[in-house]
Amino acid sequence: MGQNNDQNQNKKPQANNQEQDVKALLKVRRDKLKELQDAGKDPFQITKFDVTHHSKDIKDNFEELENKTVTIAGRLMSKRVMGKASFCNIQDLKGNIQSYVARDSVGVEVYQDFKKFDIGDIVGLTGEVFKTKTGEISIHAANITLLSKSLQILPEKFHGLTNTDIRYRQRYVDLIMNEDVKDTFIKRSKIISAIRRYLDGEGFMEVETPMLVSNAGGAAARPFETHFNALNEDLKLRISLELYLKRLIVGGLERVYEIGRVFRNEGLDTRHNPEFTLMELYQAYTDYNGMMDLTENMYRYVAQEVLGTTTIVYNGVTMDLGKPFERITMVDAVKKYAGIDWNDVKTLEDARKLADEKNIEYEAHHKKGDILNLFFEEFVEEHLIQPTFVMDHPIEISPLTKKKPENPEYVERFEMFMNGWEMCNAYSELNDPIDQRERFKAQDALADAGDEEANHTDEDFLNALEIGMPPTGGIGYGIDRLCMLLTDSAAIRDVLFFPTMKSLDK
């Protein structure tokens, strides 16, 4: 016991020494800044720097740029001083490039300043492009300027930034130290741009709808609540884009879409963040079959545009977007993977009995259709690796969807699955205001019984439906999950620049 105490006592001075070392290094950086400021060379007084090229442009066009003068700017990532000549590496938006800095080329004063630069400083450099004896494309500096002084210390280069908590909290450092992280977010931007191009080419109009709403409807989710002081009213953050976009369909805008943040007061896990990016679109004069065709074509287009292929690999699993997507009803899927034919389940008591036998937990308010959905989640979802449309959901879990004319217990709805994940949710939209009011009433009853995820009657939306909405197909896509799949990212936090984190002072 005494030996362990001795070991613990030995650890404390070591930790204290490390803290003291860091403090000393930080003080050196601030002292260097003061020295520059006292000499009239305050880098923070520089307001602009004209850049002509990025690192990758220089490397890709070496034959054209050899012996030509270029100007780059970026972060100093390494520096090797060797007397009167030095090498350094500068990282910019598109990569990094080596530079040769010689006293005779830049001048004595500039070289003396350069030798005091720290790793992490932002610099601007002008010089001629050349290739070293070892064949590395480089810039022979004619001048180098300190544009911003880094007063903090970057993580050690070769080990990078590996602590995931720090990576998510300090994404700016993560982007500097981990090239693959920057690549992920560049791909995310390309994914969203490709979606826009595809929809614009199909005649859709991009619109914006309110984030602060009095009635957060359109999905089964618990909203965040806030207070608007000017009107002295409680408001909610939207959980969906649906009800406002449908109002625009009523107004005659036949094809509309929105890409925006929505907010759901739910837990955090690898696939859920309380604020996330949703894309919803609505198209008049089509149904959920039209939405399936659009989804299949759009997914292929986006993958081809961003990855250059319709075959994607996620966590070692290959998924083929080039083949026709499977289409299967929820009832047939449960029959296929659970061996239960729901057509034989006639009553709620039958459904509960089956659930008890299979150890499926359900709640007192769950109806037959709710229990079918629980069976689907338990026995089917994990098998849906290749792109699959699961169609014809029970009416109980689809309050905004048209009934199937031949079987009103089910609705014209589908969810698309890949890798066992729900990727999108689509309907033949309910446009009967009388039916919609009844379904809102059922949702109100659930809310009164304590269901915090239930919808509430939206009188203005019902008024819009009474004005008249054409037959319409609609769909919602989780953009973050699509980004996860196309960038082979393990968690939703890996594709969000700034994911929700618990405050450090809590």
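This one's a predicted model, so the numbers in the text were calculated from it and none came from an experiment. (Residues numbered from 1 in each chain as written. Predicted model: local features only at pLDDT ≥ 70, side-chain atom pairs only at ≥ 80, totals over all residues. Heavy atoms only, no water.)

Undergrad: Explain the overall build of the protein chain here, please?
TA: Across its full length, the protein chain holds 16 helices and 20 strands. Computed over its C-alpha atoms, the radius of gyration of the protein chain comes to 29 Å, more than 25% above the 23 Å expected for a compact globule of 506 residues. With respect to the three principal axes, the spread of C-alpha positions in the protein chain is 90 × 70 × 55 Å. Counting only residues that meet the buried cut, the protein chain has 46% of its 506 residues in that class. The contacts of the protein chain with a sequence gap of at least 6 include a subset with a gap of at least 24, amounting to 64%. For the protein chain, the exposed area adds up to about 26100 Å²; of that, 48% sits on carbon and sulfur atoms. (Helix = DSSP H or I, 4+ residues; strand = E, 2+ residues; numbered from the N terminus. Rg over C-alpha atoms; globule rule 2.2 N^0.38 Å. Buried < 20%, exposed > 50% of the residue type's maximum accessible area, 1.4 Å probe, protein only. Contact = heavy atoms within 4.5 Å. Areas by Shrake-Rupley, 256 points an atom, 1.4 Å probe, with all protein chains shown as cover.)

Undergrad: Honestly, the packing of helix α14 (residues 433-448) against helix α15 (residues 459-467) in this entry has me stumped. Any pointers?
TA: For any two helices packed against each other, one specifies the inter-axial angle together with the distance between the axes. It is at 9 Å that the axes of α14 and α15 come closest, and there the two elements cross at 160°. By the criterion of interaxial angle, the relationship of α14 to α15 is roughly antiparallel. Note that α14 runs across α15; the crossing there is right-handed. Of α15, the residues touching α14 (which contributes P433, Q436, R437 and F440) are E459, F461, L462, L465 and E466. Residues of the contact of α14 with α15, tallied by class, amount to five nonpolar, one polar and three charged. (Axes fitted to C-alpha atoms, helices over the stretch in contact; angles between N-to-C directions. Parallel < 35°, antiparallel > 145°, perpendicular 65-115°, else oblique. Left-handed = near helix turned anticlockwise from the far one by under 90°. Nonpolar A, V, L, I, M, F, W, Y, C, P; charged D, E, K, R; others polar.)

Undergrad: When you look at the packing of helix α8 (residues 179-201) against helix α10 (residues 288-307) in this model, what are you seeing that I'm missing?
TA: It is the contact of α8 with α10, at a shortest axis distance of 9 Å, that shows an interaxial angle of 135°. Here α8 lies oblique to α10, going by the angle between them. Considering the relative orientation of α8 and α10, their crossing is right-handed. Of the residues in α10, those in contact with K187, K190, I191, A194, I195, R197, Y198 and L199 of α8 are L294, N297, M298, Y301, V302, E305, V306 and L307. Classifying every residue of the contact of α8 with α10 by side-chain character gives eleven nonpolar, one polar and four charged.

Undergrad: Explanation requested: α8 in the structure shown.
TA: Each full turn of the α-helix corresponds to 3.6 residues, which orients residues three or four apart in the same direction. End to end, α8 covers 33 Å across 23 residues, agreeing with the expected 33 Å (1.5 Å per residue, within 8%). Directly beyond the C-terminal end of α8, a positive phi value near 85° is found at G203. (Expected span 1.5 Å × (residues − 1).)

Undergrad: Would you take a moment to explain the sheet that holds strand β7 (residues 212-213) for this structure?
TA: Across a sheet, paired strands are connected by hydrogen bonds in the backbone, their directions being either parallel or antiparallel. The three strands lie next to each other as β7-β9-β8, forming an open sheet whose pairing is antiparallel. At either margin of the open sheet sits one strand with a lone partner, and together these are β7 and β8 (225-228). Relative to strand β9 (residues 233-237), β8 runs antiparallel, the two sharing four bridges. Bridge assignment links H227 to a residue of β9, and that residue is D234. (Pairing = 2+ DSSP bridges.)

Undergrad: Got a minute to help me understand the pairing of β9 in this structure?
TA: Along any regular strand the residues' side chains alternate between the sheet's two faces. As paired elements, β7 and β9 share two bridges and run antiparallel to each other. Residue V213 lies in a different strand from β9, and its bridge partner there is K236. Taking the residues between adjacent antiparallel strands as the criterion, β8 and β9 are bridged by four residues, where N232 takes a positive phi near 55°.

Undergrad: Sorry if this is basic, but what is going on with the packing of aromatic side chains here?
TA: Each aromatic ring pair is described using two quantities: the centre-to-centre distance and the angle formed by the ring planes. Per the stated rule, a full pass over the model turns up 14 aromatic pairs. In textbook terms, an aromatic cluster arises when at least three aromatic residues are bridged by ring pairs, as seen for Y111, F114 and F117. The ring of F114 has K79 sitting right over it, with the charged end atom 5.6 Å from the ring centre. The side chain of R247 reaches across the aromatic face of Y244, ending 4.5 Å from its centre. (Phe/Tyr/Trp six-rings, centres within 6.5 Å; stacked < 30°, edge-to-face > 60°. Lys NZ or Arg CZ within 6 Å of the ring centre and 35° of its normal.)

Undergrad: Could you clarify how one ought to interpret the pairing of strand β2 (residues 85-92) in this entry?
TA: Of all the eight residues making up β2, eight are buried; the element is thus mostly covered by neighbouring parts of the structure. Across seven bridges, the pairing between strand β1 (residues 69-82) and β2 is antiparallel. What sits directly across from L76, in β2, is I90. Between β1 and β2, which pair antiparallel one after the other, the connecting turn spans two residues, and G83 there sits at a positive phi close to 70°.

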